[in-house]
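Each chain is listed here by its residues.
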Amino acid sequence: MSINSTDSKKLFKSVNSFVFILSLDMNVIDCNNAVSDVLLFHHDHLIGKNILSLFSLENRDKAQQILSEMIEGSTAICTLPLVSAQGISIPVETKIHQGKWNNEDAHILVSKNLYETPVLDESFQVIFDNNQLLMAISEIDSGVLIDVNRRFLDRLAYKKSELLGKSLWQFNLFYDDLEPNDFIEKMNALASISNEYIVMRTKEGKPFHALFSMTPIKMHAHYYVLTSAIDISLLKASEEKLKKSLYQQTLLADISQNFLTVDNLSEKVNHTLSLLGKHTEVSRVYIFQDNSAGTETSNTYEWCNEGISPQMQELQDIPYEIIPSWKEILEKNGKLLSNNIKELPDDILSVLEPQAIQSILVFPLFVQNHFFGFIGFDECIKEKIWEKEEIDLLRTISGIISNSFERQIFQKQLRESEIRQKLAIENTEAGLWDWDVQSGEVYFNDIWWQMLGYARSEIEPNISTWEKLVHPDDMASVMKDLNLHIEGKIDYYENTHRLLTKSGDWKWVSDKGKIIEYDDENKPKRAIGTHIDIDGQKRIEEELRSLNSTKDKFFSIIAHDLRGPIGSMMQISEMVSDQNGLEKETLHMFLDSQKELSKSTFQLLENLLNWARSNLEQIKHSPQVINIKDIIEESILSIKYIAKQKGIHIVFNPSEAFVAYADPDMVKLILRNLLSNALKFTHKEGLIRIELATTVDYIEIKIIDTGQGISEANIERIMSESEFYSTPGTADEKGTGLGLKLCKNFIKQNKGELQLASELNVGTTISFTLPVVKT
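Each value, and the rule that gives it
Residues numbered from 1 in each chain as written. Predicted model: local features only at pLDDT ≥ 70, side-chain atom pairs only at ≥ 80, totals over all residues. Heavy atoms only, no water. Helix = DSSP H or I, 4+ residues; strand = E, 2+ residues; numbered from the N terminus. Buried < 20%, exposed > 50% of the residue type's maximum accessible area, 1.4 Å probe, protein only. Contact = heavy atoms within 4.5 Å. Areas by Shrake-Rupley, 256 points an atom, 1.4 Å probe, with all protein chains shown as cover. Axes fitted to C-alpha atoms, helices over the stretch in contact; angles between N-to-C directions. Parallel < 35°, antiparallel > 145°, perpendicular 65-115°, else oblique. Left-handed = near helix turned anticlockwise from the far one by under 90°. Pairing = 2+ DSSP bridges. Phe/Tyr/Trp six-rings, centres within 6.5 Å; stacked < 30°, edge-to-face > 60°. Lys NZ or Arg CZ within 6 Å of the ring centre and 35° of its normal. Polar contact = N/O pair within 3.5 Å; in protein donor to acceptor, adjacent residues only side chain to side chain. Expected span 1.5 Å × (residues − 1). Core = buried A, V, L, I, M, F, W, Y, C linked by side-chain atoms within 4.5 Å. Nonpolar A, V, L, I, M, F, W, Y, C, P; charged D, E, K, R; others polar. pLDDT = per-residue confidence, 0-100. Arc of directions from axis to C-beta. Salt bridge = Lys/Arg side-chain N within 4 Å of Asp/Glu carboxyl O.

Moving on to the overall build of the protein chain. Along the backbone of the protein chain there are 23 helices and 30 strands. Taking all 775 residues of the protein chain together, 48% fall into the buried category. Looking at the protein chain alone, contacts between residues at least 24 apart form 56% of all its contacts between residues at least 6 apart. Total accessible area computed for the protein chain in this model is approximately 39,500 Å², and 49% of it derives from carbon and sulfur atoms.

Right, here's the structure in full:
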């Protein structure tokens, strides 16, 4: 290659790639305009400098080795990025040619600017940019980002200009200790990483949960890394919400059991304050008790978080006259709540500010219908926002503590029989049982009878009756635990089992008790205990198990049904990007396949998103008057192209307008999914009919196809609430079963019903109803 003529030098100056004329010792003799325009180096500044100065310090030794191998002919290209005058990495593909410059031997180095060269072909670029996954393309060795899609930018709150040309690892995107070298080693070996759970962070540092994948892809004869992440924050939020609810139920049950008796009450109160402090993560939890006249109050119990100074000794005999608003607010509102104490009355503020309190929550304690004192929660480090569920939980626990103080007072005043009666009346948290072991008679309090729905006259209060109420499957476990306690092998009896209610349902209870009296022969004489209704807690446990099971199925769908289409799209893209030898007809066939894959992937992503949002109750039901005919015709248009490809005829000829009262967006999704299913399972040249009918209260929409039909066994699996099930279509189209679950959910929300009837090799009729507009 010789560049000597004036025309050749003009061409050299105007090309878009970076072109450097180098001496045989690799010093810059000349460079073209692109070097000044893009790399922002002044022409004269570069002349005489070694070309290695345009590479970053960490890449110079490697660049020197690669350039030497290129001159020898053992290496064809160098993919190390150049560094601009402003220190920005520019991804390039560099080649070296031997030639002459002004009749002297020279190296001609040409670096193609990959920012100016589309990395992706046009069809894949559209799919890449509009994909709902967070996606990025980077170099294998350096991790330098070549491109990122819109979803990546939107979710992480970056601008494209902030990312391109920089390494994926320098943005601190991952909370997990991910080692870049481990990934680079796998990528160099052309290995993939699939659906690895990680926690990522946005530009502002906000965390979110994701499934992370990396896979090598080949474009322009070079390998790059395609990185993708699926945002699963909605599922994680739902899981955390259920876990928190379950923990609160468990905490409430533990505290209730803790105050089953009021022996060692001070120890139990201190333990409870510790539990509440750790649960709420506040600075201080305390109880104040009033004097007998109700004019002064003293701090009697206190728990302090790490680093918080105790206040109990200083807060004794505080007269209410210096803070008159305090007691007035507690008695009037049932609580004192402030996320920022500066909004409180001045008399309260003057007491709280010296203690460095920023947020506060206080509940009154009432004993025998009189103001006894209060329990409070102080936050001294930051302003705390109290959630409603937590406030309700703490209010309930404050009632339990009030009840315990009240029972302690009664123990000092009444005989044993009076204590038992008072416990039965006042203990609102549990059904109390008092068992005369030797006679078999059992006393149950009012709460116990109410819990199971029986009147006292309906069943005999004895141990034999109780045994009949226990579920047969639970009896062996109950008797085992009871006998262990009777034999003295365990300190108290505890079992979880089901009891038969009056309505015929089984109710889960937590049964806990202790023998409190023995006869002269050391045989059990009397035992006392409680039945606590944990039916709600059991439902939460079942819901959490169901969520975990559904989550596993959800991840399985993602791993299988998304990886397949995306892998196919990448393979097609690789074929299309290298168009040498492809006939026009073959190219069109590839692009059509690409389009259909992207459509099916988009529909799957849309269904997955709607399913997740529906499970988290983030889709609001907004019914209104809608024209069913118009929505059906719109839905037909959306599948017309696929129907034409399969030669399927769609018949819809309504004789009149049909008006329903339903959510239009939900109805559109229902119709899109049901019509897509009909298309999928109907043979070529088949027929799909859509019929409408009305009753007094409902409109019925029927979709009838002449497809392959469904067996009775498969209908049962398809309609199951606990299983995702689908079969391949007549053209081997894949599915997940998720669309039909969404349809059932949305139809139910719109007060309709879904029906499915089918006959193998004849066809399927699927219908649903929507309420009509009442005049």
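For the pair helix α20 (residues 628–646) and helix α21 (residues 664–680), the least separation of the axes is 10 Å and the interaxial angle reads 30°. For the element pair α20 / α21, the angle class is roughly parallel. Like other packed secondary-structure pairs, α20 and α21 cross with a definite hand, here right-handed. On α21, the residues touching Ile628, Ile631, Ile632, Glu634, Ser635, Ile636, Ser638, Ile639, Ile642, Ala643 and Lys646 of α20 are Val667, Lys668, Leu671, Arg672, Leu675, Ser676, Leu679 and Lys680.

As paired strands, strand β21 (residues 493–500) and strand β22 (residues 506–518) are joined by 8 bridges and run antiparallel to one another. Considered in β22, the bridge of His497 is made with Val509. Where β21 folds back onto β22 in an antiparallel hairpin, the turn is made up of 5 residues, including Gly504, whose phi is positive at roughly 95°.

Take the packing of aromatic side chains next. In the structure shown here, the tally under the stated rule is 11 aromatic pairs. Seen in terms of ring centroids, Phe366 and Phe371 are 5.7 Å apart; in terms of plane orientation they differ by 85°. Their pairing is edge-to-face. Taking relative accessible area as the criterion, Phe371 reaches 14% and is therefore assigned buried. Here the aromatic rings of Phe372 and Phe405 are separated by 5.1 Å at their centres, their planes lie at 35°, and the arrangement is tilted. Here Phe372 is found in strand β18 (residues 370–379), whereas its partner Phe405 is found in helix α13 (residues 388–413), with 33 residues between them in sequence. Judged by its relative accessible area of 16%, Phe372 falls in the buried class. With a relative accessible area of 3%, Phe405 lands in the buried category. Ring-pair connections join several aromatic residues into one group, and the members of that group are Tyr286, Phe288, Trp326 and Phe374. For Lys512, the ring lying beneath its charged end belongs to Tyr492, and the centroid distance is 4.5 Å.

So, on to the pairing of strand β27 (residues 687–694). The pairing of strand β25 (residues 649–651) with β27 spans 3 bridges and is classified as parallel. Directly across from Val651, in β27, lies its bridge partner Arg689. Adjacent in sequence and paired antiparallel, β27 and strand β28 (residues 698–705) are bridged by 3 residues.

Topologically, Arg526 is positioned in strand β23 (residues 524–533). Within the local environment of Arg526, its side chain forms a polar contact with the side chain of Asp434, the two groups lying 2.7 Å apart.

Taking 1.5 Å as the rise per residue, helix α23 (residues 738–749) with 12 residues should run 16 Å; its terminal C-alpha atoms sit 17 Å apart, in good agreement. Of all 12 residues that make up α23, 9 are buried, and the element is covered over most of its length. Every buried residue of α23 is listed here: Leu738, Gly739, Leu740, Lys741, Leu742, Cys743, Lys744, Phe746 and Ile747. A positive backbone phi angle near 65° is found at Lys751, which sits one or two residues after α23.

Read from one edge of the open sheet, 5 strands run β20-β19-β23-β22-β21, paired in antiparallel fashion. Whereas interior strands pair on both sides, the edge strands pair on one side only; in this sheet they are β20 (442–444) and β21. Between one strand axis and the next, the sheet turns by 25° as a mean value, whatever way the strands run. Set on the sheet, helix α17 (residues 475–486) makes contact with β19 (431–436), β21, β22 and β23; between it and β21 the angle comes to about 150°.

Let us now look at the nonpolar core. Core analysis: the largest hydrophobic core is formed by 42 residues, its most contacted members being Ile628, Ile632, Ile701 and Phe768. Here the element with the most residues in this core is α21; it accounts for 9 residues. Setting aside its immediate chain neighbours within four residues, Ile628 contacts Phe658, Ala660, Val667, Leu692, Ile699, Ile701 and Leu770. The next biggest cluster of nonpolar side chains, apart from the first, holds 29 residues, and it includes Phe259, Phe372, Phe377 and Leu393.

For the rest of this paragraph, the subject is the packing of helix α9 (residues 233–258) against helix α10 (residues 265–280). Viewed as axis vectors pointing N to C, α9 and α10 meet at an angle of 170°, and their least axial separation amounts to 10 Å. Classified by the angle their axes make, α9 and α10 are roughly antiparallel. Facing Tyr247, Gln248, Leu251, Ile255 and Asn258 of α9, the residues of α10 in contact are Lys268, His271, Thr272, Leu275, Leu276 and His279. The class makeup of the residues in the contact of α9 with α10 is 5 nonpolar, 5 polar and 1 charged.

Here 5 strands make up an open sheet; going across it, the order is β25-β27-β28-β30-β29 and the pairing mixed. The open sheet has two edge strands, β25 and β29 (754–759), and neither has a second partner. Here the average twist between neighbouring strands, direction ignored, is 15°.

Positive phi, close to 65°, is recorded for Leu40, a residue that is not glycine. Classification of Leu40 by relative accessible area gives partly exposed; the value is 42%. A positive phi angle is found at Ala356, which is not glycine, with a value near 60°. Locating Ala356 in the fold gives a position in the loop between α12 (346–352) and β17 (359–367).

Next up on the list: the confidence of the model for the protein chain. Across the protein chain, the average pLDDT comes to 82, with 81% of residues at 70 or higher. Least confident of the elements in the protein chain is helix α14 (residues 416–426), whose mean pLDDT is 47; most confident is strand β13 (residues 284–290), at 95. Segment residues 421–428 is flagged for pLDDT under 50; beyond a separation of four residues in sequence, or across chains, it makes 15 contacts in the model.

The next subject is α17. When the terminal C-alpha atoms of α17 are compared, their 16 Å separation across 12 residues agrees well with the 16 Å that a helix rising 1.5 Å per residue should span. Every buried residue of α17 is listed here: Met475, Val478, Asp481, Leu482 and His485. Along the axis of α17, the buried positions cluster into a sector of 140°, meaning they face one direction only. Opposite the buried face of α17, by more than 90 degrees, sit the exposed residues Ala476 and Lys480. Where α17 is buried, its residues touch β19, α16 (463–469), β21 and β22.

Within the secondary structure, Ser767 is located in strand β30 (residues 763–771). If near-sequence neighbours (up to four positions away) are discounted, Ser767 is found in contact with Glu700, Ile701, Lys702, Glu753, Leu754 and Gln755.

If you walk through the whole model with that rule in mind, you get 22 salt bridges. The shortest N-O distance in the salt bridge between Arg689 and Glu691 comes to 3.1 Å. Residue classification places Glu691 among the partly exposed positions, given a relative accessible area of 33%. The network of salt bridges with shared partners includes Arg151, Arg155 and Asp231.

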